Amino acid sequence: MRADRPDSATLADGAADLVAAYVHVPFCRRRCPYCDFAVAEMGDAERLTGALVAEIGRSRPFARPLDAVYFGGGTPSALEPKLLRRVLEALQHRFRFAPDVEVSLEANPEDLTPALASTLVECGFNRISLGVQSLDDDVLRHLGRAHDGVQGRAALDAARAVFPSVNADLIFGAPGESAGSWERSLRGVIECGVDHLSAYALTVERGTALSRAVAKGAPAPDPDLQADAYDVALQIVAAAGLARYETSNFARRGHACAYNLITWAQGEYEAFGNGAHRHRDGVRSWNLWRLDRYLEKVEAGSSPVSGHERVEGAAVEVERLMLGLRRAAGVTLGRGGAALLASPAGKRLADAGVIAVEGGRLRVARPLLGDEVARELLAIDLPEC
């Protein structure tokens, strides 16, 4: 991490000129009931690694080295370090890395020992994102997690000892969670010295085990209680010196996630693995969702891309605003922002204090209402570029 990297509007806008790569590792020992990602049961790790290396080797390099690399999943920490190293070396050989490249790995607390943490740093990872979700054992059971609160803290301690940058993921609004439980989880991960915190409201995604349970009468997350939990997080995290730079993300200076900033700024990024999405030359494309089909395509020497769309015309501006408004710094006003402010819905949102303009930038002043702002943006008929 660069200590002098600014967490500001300058960083947010400048991320559009950076480039990144995403690697998807789909393996999970079990699927969490709220998860709708492209995951699969633990399988042939060597075969997956070979396919990822092959797909990387056939990709087109950027004109500049990679500024950020992100291994997500699934559970990347389920792969042996030697396999992760192979994929990382393939990326470095094909794309080259910038001197201050951010190399992130998602991991589950039950996987991370002090020895593994040290090995991962030796492999070249300098940022780890731990799926802690909660430090309350009852909440973790409801979320279907495999670890407990003690393991969560131990993993954070192991990561903090060797990684230059450590993130903890937390989920609020889960069944069994009280206001006191949420506050203890927040304070607990902060006491472990995290550099970055991602706090997400539990959502019911269609097709998940959680959605089926809710359909049968299980309690759904209460949006009012989630709003209260988010307000508590804002207060506690700010007091601990972590600044909010996106709706759900908080960081100490120099530790904002560069990969995320690139995607929110409409920057370019490559992606590898089943279900992975990329953005290059104004085109968004995505790989086959099913792991078996992805592997078959790559091993046959074919492209695993299953679809694409060109973002052009008014859609570029709408997307710029929708992605940019996730950031605390907001986004330069532009014609889309001006059109929103001039619309009846925009005036209503401004009068209610949901959106605001400061220094020529439009931002969402009440972050949890960002989805409402996005819906209004989609309803505006912008002229073609």
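Computed from a prediction, not measured in an experiment: that's the story for all the values here.

About the criteria used
- Residues numbered from 1 in each chain as written.
- Predicted model: local features only at pLDDT ≥ 70, side-chain atom pairs only at ≥ 80, totals over all residues.
- Heavy atoms only, no water.
- Phe/Tyr/Trp six-rings, centres within 6.5 Å; stacked < 30°, edge-to-face > 60°.
- Helix = DSSP H or I, 4+ residues; strand = E, 2+ residues; numbered from the N terminus.
- Buried < 20%, exposed > 50% of the residue type's maximum accessible area, 1.4 Å probe, protein only.
- Salt bridge = Lys/Arg side-chain N within 4 Å of Asp/Glu carboxyl O.

Chemist: So what exactly am I meant to see when it comes to the packing of aromatic side chains here?
Modeler: The description of an aromatic ring pair rests on the distance of the ring centres and on the angle between the ring planes. Applying the stated criterion across every chain, the model contains 10 aromatic pairs. Seen in terms of ring centroids, tyrosine 245 and tryptophan 264 are 6.1 Å apart; in terms of plane orientation they differ by 55°. Their pairing is tilted. Taken together, the positions of tyrosine 245 in strand β9 (residues 243-246) and tryptophan 264 in helix α10 (residues 258-264) put the pair 19 residues apart, joining distant regions of the chain. Residue tyrosine 245 shares its accessibility class with tryptophan 264, and that shared class is buried. Relative to tyrosine 269, the ring of tyrosine 259 has its centre 6.2 Å away and its plane inclined at 70°; by these criteria the two rings are edge-to-face. Of this pair, tyrosine 259 sits in helix α10 while tyrosine 269 sits in strand β11 (residues 268-272), and the two are 10 residues apart along the sequence. Here a set of aromatic residues connected by ring pairs shows up, and it is made of Tyr22, Tyr70, Tyr259 and Tyr269.

Chemist: It is not clear to me how the pattern of salt bridges should be interpreted in this structure. Could you clarify?
Modeler: Note on pairing: side chains with opposite charge can pair once their charged atoms come close. By the definition in use, this model includes 19 salt bridges. With a shortest N-O distance of 3.4 Å, arginine 278 and glutamate 55 are connected by a salt bridge. On the criterion of sequence distance, the pair formed by arginine 278 in strand β12 (residues 277-280) and glutamate 55 in helix α2 (residues 45-57) is long-range, its members being 223 residues apart. A relative accessible area of 7% places glutamate 55 in the buried class. Where arginine 348 meets glutamate 372, a salt bridge forms, and the shortest distance between an N and an O atom there is 3.1 Å. Placement of the pair is arginine 348 in helix α14 (residues 344-351) and glutamate 372 in helix α15 (residues 370-379), with a sequence separation of 24 residues. Judged by its relative accessible area of 42%, arginine 348 falls in the partly exposed class. A residue is classified by how much of its surface remains accessible, and glutamate 372, at 22% relative accessible area, is partly exposed. Here the salt bridges share partners, and the residues they tie into one network are Glu55, Glu270, Arg278 and Arg280.

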